Amino acid sequence: MLVRKALLTDATNVCDLVNSLSTDGTLLKRPFAEVCENIRDFTVALSDGGVFLGCGALHFYGPHLCEVRSIVVRPAAKSKGAGGRLLTALIEEAEEHGIQSICLFTRIPDFFFKFGFRAVEDKAVLPDKIFKDCQSCPRLHRCDEITMVRGRIPSVSLLGPREEAEQLVRISG
Ligand SMILES: CC(C)(COP(=O)(O)OP(=O)(O)OC[C@H]1O[C@@H](n2cnc3c(N)ncnc32)[C@H](O)[C@@H]1OP(=O)(O)O)[C@@H](O)C(=O)NCCC(=O)NCCS
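Residues numbered from 1 in each chain as written. Predicted model: local features only at pLDDT ≥ 70, side-chain atom pairs only at ≥ 80, totals over all residues. Heavy atoms only, no water.

(A) Spatial organisation of the site of the ligand. The immediate surroundings of the ligand are formed by 20 residues, with Ile71, Val73, Ser79, Gly83 and Gly84 found nearest. In this structure, Ser79 approaches the ligand through a main-chain N or O atom, which is 2.8 Å from an oxygen atom. Against a free-state accessible area of 910 Å², the protein chains account for coverage of 69% of the ligand. Sorting the residues of the shell around the ligand by element identifies strand S4 (65–73), helix H3 (82–96), strand S5 (101–106) and helix H4 (109–113) as the ones contributing at least two each. Of the residues belonging to the shell around the ligand, the class tally is ten nonpolar, six polar and four charged. (Near = heavy atom within 4 Å. Polar contact = N/O pair within 3.5 Å; in protein donor to acceptor, adjacent residues only side chain to side chain. Areas by Shrake-Rupley, 256 points an atom, 1.4 Å probe, with all protein chains shown as cover. Helix = DSSP H or I, 4+ residues; strand = E, 2+ residues; numbered from the N terminus. Nonpolar A, V, L, I, M, F, W, Y, C, P; charged D, E, K, R; others polar.)

(B) Region of the structure containing the layout of surface pockets. Taken as a whole, the largest pocket holds about 970 Å³ of empty space. Counting only elements with at least two residues in the lining of the largest pocket, the list comes to S4, H3, S5 and H4. It is S4 that contributes the most residues to the lining of the largest pocket, seven residues altogether. Residues that form the lining of the largest pocket fall into these classes: 19 nonpolar, eleven polar and 13 charged. (1 Å grid on protein atoms, 1.4 Å probe; cavity = no way out; pocket = protein on both sides within 12 Å on 5 of 7 lines; lining within 4 Å. Points joined across faces, edges and corners; volume = space filled by probe spheres on them.)

These values are about where atoms sit, not about what they do.
Here you go:
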C-alpha cells in the first residue's frame, strides 16, 4: 500500500468517494471545484497496483489548530489498515507543521480513540470550527457528532471570539 499526498489527478476519485457518503450525513459534501481547490489538503492511499483505496484531508485553521476532514476508505478496502495509515499520515503532517491541536467531528469515536484523540464535551472550545462550519450547518440545533481533539485545546482562535461561539452553541443547545 502507498500513502502519499494527493495530486490533482486524484480529485475525481476523492470527490466520488467522499460524496458517496454525504447523503446520509457521514461526511460533508465536497463539490468537485472545492475538492480541486483544496486538493493539497488531501492524502490518498493506493494499493500496490495503484488502485485508489481512500483519502483524508487536513484543513489548517492556523498554527494553533487543524482539522481532519473527509477521511474515508472504499467499502471493499475497509479493515485492511488503509484508514489507520491515512490518519497516521495526517497526524504526522500536522506535527511537521508544528500544529499542537488536531480536531475532528465524528460519529465513530472508537476509531479515533486508537490514534490519541479524546472526546471533548463542549464544542465551543473550538471557535474556529464553529464559525467555519457549524453556524451555517442545518444540523446546528441537533448535532449528533462527537467533538474530538488530539493535543491541547487551543487558547486562541482566528475566525471569531470564544464568547460568541459559546453563545451560538448555547442557543443551539
Ligand atoms: C473509518 C474508516 C476510515 C476506517 O478505515 P479502515 O481502513 O477500515 O480502518 P483500519 O483497517 O485502518 O483500522 C484501524 C483500526 O481502527 C479500527 N476501526 C476501524 N473502523 C472502526 C470503526 N468504525 N469503529 C471503531 N474502530 C474502528 C480497526 O479495528 C483497527 O483497530 P486495530 O488496529 O485495533 O485492529 C472506514 O471505516 C470508513 O471509511 N468509514 C466510513 C467513513 C467514515 O465514517 N469516516 C469517518 C468520518 S469522521
